[in-house]
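Chain by chain, the residues:
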Amino acid sequence: MTTTTPPVTLDDVRAAAARLKGVAHRTPVLRSRTLDALVGAEVHLKCENFQRVGAFKFRGAYHAASRLTPEQLTRGIAAYSSGNHAQAVALAARELGSAAVIVMPEDAPPSKRDATAGYGAEIVTYDRYSGDRVAIAEALAAERGLTLIPPYEHPHVIAGQGTAALELLEETGELDALVAPVGGGGLIAGSATAAKALHPGIRVIGVEPEAGDDTKRSLEAGHRVSIPVPRTIADGQALHIPGELTFSVNRRLVDAVALVSDDEIRAAMRFAFERLKIVLEPSGATPLAALLSGRAGPPPRRIGVILSGGNIDTERFARLCAPDA
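What counts, and where the lines are drawn
Every residue gets a number counted from 1 within its own chain, in the order that chain's sequence is written. Totals for whole chains, interfaces and linings use all residues, but because this is a predicted model, local features are given only for residues with pLDDT of at least 70 and pairs of side-chain atoms are given and counted only at 80 or more. Processing note: side-chain calculations cover all non-hydrogen atoms of the structure and skip hydrogens and water entirely. The term salt bridge refers to a pairing of a side-chain nitrogen on Lys or Arg with a carboxyl oxygen on Asp or Glu at a separation within 4 Å. When a residue's accessible area, from a 1.4 Å probe over protein chains only, is under 20% of the maximum for its type it is buried; when over 50% it is exposed; and in between it is partly exposed. Whether two strands pair depends on DSSP finding at least two bridges between them. Counting from the N terminus, the helices are the DSSP runs of H or I reaching at least four residues and the strands are the DSSP runs of E reaching at least two. The contact definition used throughout considers only heavy atoms, calling two residues in contact when any of these lie within 4.5 Å. Only C-alpha atoms enter the line fits that serve as axes; for helices the fit covers just the stretch in contact. Angles between N-to-C directions range over 0 to 180 degrees. Side-chain rings of Phe, Tyr and Trp, where Trp is taken by its six-membered ring, are said to pair if the distance between their centres is within 6.5 Å; with planes under 30 degrees apart they count as stacked, over 60 as edge-to-face, and otherwise as tilted. Whether a charge lies above a ring is judged from NZ of Lys or CZ of Arg, which has to be within 6 Å of the ring centre and within 35 degrees of the ring normal.

Chemist: Would you take a moment to explain the pattern of salt bridges for this structure?
Modeler: Think of it this way: side chains of opposite charge can pair up when their charged atoms draw near. Taken as a whole, this structure holds 17 salt bridges when the rule is applied. Between R217 and D213 there is a salt bridge, and its shortest N-O distance comes to 3.0 Å. Assessed through its relative accessible area of 42%, R217 is described here as partly exposed. Through salt bridges that share partners, K46, E48, R59 and E167 make up one connected network.

In structure tokens form, the structure reads like this:
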């Protein structure tokens, strides 16, 4: 009988938490009686929109960058991202005295592109619908001698992302379910690793936009399934295939994936702003959308939700949240 060693363990997540202590924010966990009543459960919201760079991505990016050698840091770091990982790597590089070169799609939200540049990174753009961002970034890294930190296909990144769930469970105690957005799969892979190790009975539910259901299809098929690059307001989840490493974790630990429409995401963003007084970007609102719409299934008694980010400019936020959007 052969056994496969998981790429990330609870010990790895705890080690990442130790490295992030005093660097990443320990983000708040919010409660709302109104939300509890609407969902029919006790809901605990882990607000990663209050994390540095405005999203959970700083956890994995800084953890991975902090493990580079002095020589690697001197040469610089490369990454590819539609926005949040870009900002996270740019800031991590600055914090560690390194430099970052980021490959970003031409249609990345201007606020995310500007913030990435503001942290001191060099930006190289490409066409999301015709270019291969991984190939572009790998070629760039090889040409310049940079170390590539991918947004999810790296055990140190996954372990760093898992610290969000670790903190949540330290504060709430045992939960019946954990709900998190799924893009490339790093957040939910790290979160599921921590959650299932601490509480084996917890149900882990991922959430994707309807147009970007690559992980749901892949879990149902038992192997990675590629779809056309999705067109959705949830730009952080506009991927065509799950990561190979993340899928190896998620196929073991994720119990279900719920799908939400763009209209349901907009409604969740409005609810978060009007009733919870917090700003969420579309990808950060998908787990809340799944709960409010009932797409996540019958709610258990106690639910943890990771609201992954709040990086959105005022104009886009107002446009998406308008009643006739």
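Chemist: Any chance you could explain the sheet that holds strand β8 (residues 203-209) here in plain terms?
Modeler: Hydrogen bonds along the backbone pair up the strands of a sheet, which may run parallel or antiparallel. If you walk across this open sheet you meet the six strands as β1-β2-β10-β7-β8-β9, and the pairing is mixed. The sheet terminates laterally at β1 (29-30) and β9 (256-260), the two strands that pair on one side only. Here β8 pairs with β9 via five bridges, running parallel. Considered in β9, the bridge of E208 is made with L259. This element, helix α12 (residues 262-276), spans β2 (42-47), β8 and β9 of the sheet and lies at about 85° to β9.

Chemist: In this structure, what is going on with the packing of aromatic side chains? I would like to understand it.
Modeler: Remark: the centre distance and the inter-plane angle together describe each pair of aromatic rings, the angle taken between the planes. For the structure on display, the rule yields two aromatic pairs. Pairing F273 with F317 gives two aromatic rings, centres 5.3 Å apart and planes at 65°, and the pair type is edge-to-face. Here F317 lies in helix α14 (residues 314-321) and F273 lies in helix α12, a separation of 44 residues in the sequence. One residue, R231, lies across the ring of Y129, its end atom 3.9 Å from the ring centre.

Chemist: I keep staring at the sheet that holds strand β5 (residues 122-126) and nothing clicks. Help me out?
Modeler: Pairing in this open sheet of four strands is parallel, and the strands run β5-β4-β3-β6 from one edge to the other. The strands lining the two open edges of the sheet, one partner per strand, are β5 and β6 (147-148). Here strand β4 (residues 100-105) pairs with β5 via five bridges, running parallel. Bridging across to β5, V103 finds its partner in V124. Strands β3 (77-80) and β4 of the sheet are contacted by helix α5 (residues 84-95), whose axis makes an angle of about 170° with β4.

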